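# Remarks on the overall topology
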Amino acid sequence: MAKLSINLLQADLIPKNVLVTLPRVVMLWAVTFVVMFSWSLLNNYQVNKLTVQDQKLSRVKTSQDALLAQLEVQIKANRTDTKVLEELAMLKLILRNKKVLHRELTDPTYTSVAGFASAMTELSAMHHQDISLEHVNITYQDLTFAGIARTPESVPAWLAKFEHSRFLSGKSFINFTLNENEQKLTEFVVSSKANIGSVNE
């Protein structure tokens, strides 16, 4: 006698494998949280590092700006006016010439010349503010003047005053030279000698 069996398990009753399950969702959230947390920590570290670098650069810039301002102040303080330099150069020349003139006046070889004191008095009276004498050579026959002038025009203007001089009027100046030096001042030599030679003669 055959045994009869009935299979009540149908294919629809077999549970299917589900892709999205609660454990999988929880695991995905956990992995996502870890990744996002790690990314946040990395970004925070980089931001902190860049912030420190920015602070250092800001301090360096502030220090350099302060140094630049200090140097600019020093440059402005050390920058001398050209006019002041010219005045200083002229004052130095005048002082040097006065020393030379004093030495010549106190030298017996010069004071023995007749009329020298009178000539010096007249030269002093005919002083020109733009003329500074460096050498004066007066003999019975010849006159030689050498010095520095601020402008070339001041030399003829100064010589024109000789017309009113009792001692110097009537003297004929044969040689007259003008040269501009490195300080942009005019060096001149005026002499009644046919051959000037050295102004110190």
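Notes on the structure follow.

### Quick look at the overall build of the chain
If you tally the helices and strands in the chain, you get five helices and four strands. From first element to last, N terminus to C terminus, the chain shows the α and β order α-α-α-α-β-β-α-β-β. If you take every contact in the chain between residues at least 6 apart in sequence, the share linking residues at least 24 apart comes to 57%. Accessible area of the chain: about 15,800 Å², with a carbon and sulfur share of 61%.

### Quick notes on the nonpolar core
Of all hydrophobic cores here, the largest spans 16 residues; its most connected members are Leu123, Phe145, Val155, Trp158, Phe162 and Phe188. Taken together, the elements giving at least two residues each to this core come down to α4 (116–125), β1 (131–138), β2 (143–149), α5 (154–160) and β4 (186–191).

### Here we look at the packing of aromatic side chains
Following the criterion strictly, the structure yields three aromatic pairs and no others. Cluster of aromatic residues (ring-pair linked, three or more members): Phe145, Trp158 and Phe188.

### So, the sheet that holds β1
Reading across the sheet, the four strands line up as β1-β2-β4-β3 and stay open at both edges, with antiparallel pairing between neighbours. The open sheet has two edge strands with one neighbour each: β1 and β3 (175–180). Taken over all neighbouring pairs, the strand axes of this sheet differ in orientation by 10° on average, direction set aside.

What counts, and at which threshold
- Residue positions are given per chain, counted from 1 along the sequence in the order it is written.
- Predicted model: local features are reported for residues with pLDDT of at least 70 only, side-chain atom pairs are reported and counted for 80 or more only, and whole-chain, interface and lining totals are derived from all residues.
- Values shown for side chains rest on all heavy atoms present in the structure; no hydrogens or waters enter the calculation.
- In this text, helices come from DSSP runs of H or I with a minimum length of four residues, and strands from runs of E with a minimum of two, each type numbered from the N-terminal end.
- We call two residues contacting when some pair of their heavy atoms lies within 4.5 Å.
- The accessible surface values rely on the Shrake-Rupley method and a 1.4 Å probe; as for residues, cover is taken only from the protein chains in view.
- Nonpolar cores were defined as sets of buried Ala, Val, Leu, Ile, Met, Phe, Trp, Tyr and Cys residues, with membership established by side-chain atoms within 4.5 Å.
- Burial classes: relative accessible area under 20% of the type maximum marks a residue as buried, over 50% as exposed, and values in between as partly exposed (1.4 Å probe, protein chains only).
- By convention, a stacked pair of Phe, Tyr or Trp rings (six-membered ring in the case of Trp) has centres within 6.5 Å and planes under 30 degrees apart, an edge-to-face pair has planes over 60 apart, and any other such pair is tilted.
- Any two strands are treated as partners once DSSP identifies two or more bridges connecting them.
- Here an axis means a line fitted to C-alpha atoms, over the contact stretch when the element is a helix, while the angle between two N-to-C directions is reported on a 0 to 180 degree scale.

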